[in-house]
Number of protein chains: 2
Amino acid sequence: VRARTQTQVAVTSDHESWILLNCSPDLRSQIETTPELHSQPTNGLRQSPIAGAILTSADIDCVLGLLHLREQQPLELYATATVCKIIREGNSLFKMLEQKPEQTRWTPIEPGNLISAAGISFRAIPTGGDYPYYVQNGSRSGLAEDSAVIGLIAGTHGAKFAFLPGVREIPNETLKLLDSCDLLLMDGTFWTDDELIRIQGGGRTAREMGHMPVSGSDGSIERFREVRRPRKVFIHINNTNPMLNENGPEYRQVRDAGWEIAHDGDQFVIGDL
Amino acid sequence: VRARTQTQVAVTSDHESWILLNCSPDLRSQIETTPELHSQPTNGLRQSPIAGAILTSADIDCVLGLLHLREQQPLELYATATVCKIIREGNSLFKMLEQKPEQTRWTPIEPGNLISAAGISFRAIPTGGDYPYYVQNGSRSGLAEDSAVIGLIAGTHGAKFAFLPGVREIPNETLKLLDSCDLLLMDGTFWTDDELIRIQGGGRTAREMGHMPVSGSDGSIERFREVRRPRKVFIHINNTNPMLNENGPEYRQVRDAGWEIAHDGDQFVIGDL
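Remember, it's a predicted structure, so these values are computed and weren't measured experimentally.

### A look at the overall build of chain A
A count of helices and strands for chain A gives 8 helices and 14 strands. Compactness check: chain A gives a C-alpha radius of gyration of 18 Å against a globular reference of 19 Å for 273 residues, within 12% of the reference. With the C-alpha coordinates aligned to their principal axes, the bounding extent of chain A is approximately 55 × 50 × 35 Å. Expressed as a percentage of its 273 residues, the buried residues of chain A come to 50%. Long-range pairs, those at least 24 residues apart, make up 64% of the contacts in chain A with a sequence separation of at least 6. Surface exposure of chain A reaches about 12,500 Å², of which carbon and sulfur atoms provide 47%. When the 26 basic and 35 acidic side-chain charges of chain A are each reduced to a single mean position, those positions are 1 Å apart.

### Observations regarding the interface of chain B and chain A
Contact residues are listed per partner, giving 28 residues for chain B and 28 residues for chain A. Here chain B packs against chain A, burying approximately 2,600 Å² in sum over the two surfaces, 57% of which is carbon and sulfur. Taken together, the links from chain B to chain A amount to 4 salt bridges. Put simply, Asp61(B) and Arg70(A) hold a salt bridge, and the shortest N to O gap is 2.6 Å. On inspection of chain B and its partner chain A, the count reaches 12 residue pairs in polar contact (both at pLDDT 80 or more). With 3 residues, helix α2 (residues 60-63) of chain B is the largest single contributor of residues to the side of chain B that touches chain A. Within the side of chain B that touches chain A, the residues separate by chemical class into 10 nonpolar, 10 polar and 8 charged.

### Section: the confidence of the model for chain A
Here chain A shows a mean pLDDT of 93. Residues at 70 or above account for 97%. What the predictor reports for the complex is a pTM of 0.92 with an ipTM of 0.90.

### Re the pairing of strand β10 (residues 150-156) of chain B
Successive residues of a regular strand alternate their side chains across the two faces of the sheet. All names here are of chain B. The buried fraction of β10 is high, at 7 of 7 residues. Side chains Ile150, Leu152, Ala154 and Thr156 project from β10 onto one buried face, and the interleaved Gly151, Ile153 and Gly155 project onto a second face that is buried too. Bridge analysis of strand β9 (residues 120-126) against β10 gives 6 bridges, and the strand direction is antiparallel. Its bridge partner being in β10, Pro126 is matched across the sheet by Ile150. For β10 and strand β11 (residues 159-164), the ladder comprises 5 bridges, and the chain directions are antiparallel. By the bridge assignment for β11, Leu152 is matched with Phe163. Between the end of β10 and the start of β11, which pair antiparallel, lie 2 residues, with His157 showing a positive phi angle near 50°.

### Observations concerning the sheet that holds strand β6 (residues 75-79) of chain B
All names here are of chain B. Sheet architecture is open: 5 strands sit in the order β1-β2-β5-β6-β7, paired in mixed fashion. Strand pairing shows two members of the sheet lacking a second neighbour, β1 (9-12) and β7 (104-108), which therefore form its edges. Pairwise comparison of adjacent strand axes, ignoring direction, gives a mean angle of 25° for this sheet. Judged from the 3 bridges that link them, strand β5 (residues 50-54) and β6 form a sheet pairing that is parallel. Note on β6: the bridge partner recorded for Gly52 is Glu76. Relative to the sheet, helix α3 (residues 81-90) contacts β6 and β7, its axis offset from that of β7 by approximately 145°.

Cut-offs and rules
- Residues numbered from 1 in each chain as written.
- Chains lettered and ligands numbered in written order.
- Predicted model: local features only at pLDDT ≥ 70, side-chain atom pairs only at ≥ 80, totals over all residues.
- Heavy atoms only, no water.
- Helix = DSSP H or I, 4+ residues; strand = E, 2+ residues; numbered from the N terminus.
- Rg over C-alpha atoms; globule rule 2.2 N^0.38 Å.
- Buried < 20%, exposed > 50% of the residue type's maximum accessible area, 1.4 Å probe, protein only.
- Contact = heavy atoms within 4.5 Å.
- Areas by Shrake-Rupley, 256 points an atom, 1.4 Å probe, with all protein chains shown as cover.
- Lys, Arg positive; Asp, Glu negative; His and termini not counted.
- Charge placed at Lys NZ, Arg CZ, Asp CG, Glu CD.
- Buried area = accessible area lost by both parts, 1.4 Å probe.
- Salt bridge = Lys/Arg side-chain N within 4 Å of Asp/Glu carboxyl O.
- Polar contact = N/O pair within 3.5 Å; in protein donor to acceptor, adjacent residues only side chain to side chain.
- Nonpolar A, V, L, I, M, F, W, Y, C, P; charged D, E, K, R; others polar.
- pLDDT = per-residue confidence, 0-100.
- Pairing = 2+ DSSP bridges.
- Axes fitted to C-alpha atoms, helices over the stretch in contact; angles between N-to-C directions.

Structure representation (structure tokens):
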């Protein structure tokens, strides 16, 4: 199995200004291995091509990398109001992003909303899922249920792609929308619903953790079978998922169903950019 | 200049059980490049050689990597009571370390205290310094001033070394103690007191940020001149510090004064281990 860092995507419509989709704990090393994201020395100041980030949940995997950006600014940050509250009010570490007035600007994005960043439009869609474990019962009251985890459909220059790193369930009407995309980056965390329970001898199912398994009659390969137009790529793959083994039957099954499995450094060009 | 990841030290007295000194944001990749820290499959469970960690401050550089350990347990964690409070009460993310009763155990360590972990004794010493920016005025009341940043003197098998990643000032009696060490890992963040101000056109001095500069009549090279016994190594070096350039006069000055500059992967063996 080829080693992978934690899921991180960066998008651009002009090769100059980039938007991060989530901020992985490995963001620092990921930026280092990606010359397009390196700071440009302009006017004696460090100028980063990273214009901002959209967070799709409050999971550590999605937000921790923000703290790697604490010396870059200004940053445009987008998240649902509740995810924003968890980060900014529940975790003082993130005040490092607010040392200067213009360091960061937060804008709420809720399921159904459309925002525009770096010349790309992003529509938030509901994908099920829950607030992470660290948001304890006492602080959950008043947190909107469908704002815990979102997916994104991004469009620019007539091209469209979907970023769906955490999908528990996907409404039928959303499936239709996804069929109009050129590219689908989809939650491939677990192969089966009981994957971690079998390995650890206890714990929660994939769906309880907010992830539709890849295999099975209600898994994502079956669920997305009628989504034919886009190139379909699994991302956010746990190291317990047997489809990572390129010599195994699960990998074969995924490829035969028309899906790809993402690697570090993959680049996807859509539209006539 | 050779690229370096953020400062991280791991110590052992038996090559089996390791204690981390701080938990850097780069900890995950640092563990990956260090086979001694890899999990051993024993009895079907993931067994990590990492027994615990001692935190010398609440700086992001010192604590963020804890979140990379959220799937490892049990962990013995040590910090001053105030640093512990900042982490556990001010940042809900760290509840990921308390999902199971035996996942982590926190033990306070204050300046002057001696604790024992993995067969090594650690004495906390005061090194000046302050709570990080993210601990805002409102939450600072009641936080003991000399518990913000500590250094450590570690001993085992008759050998001793000091870990001092954040030193604003060092008392004379501590200097004498340090002269009995075999190895000194010392704060080399900045070359001059006004280093960042000159580069950024504003901001705080090195000392205001809790770091004694390396150069100058009150810098660490001069201050530690009478500390002759230990091997002296600079760690925690900011990428603005000109001594990183091995072709420059500052590097020469450091080496001529008997100091070394640490690199990723450095190993130090002391005593008759």
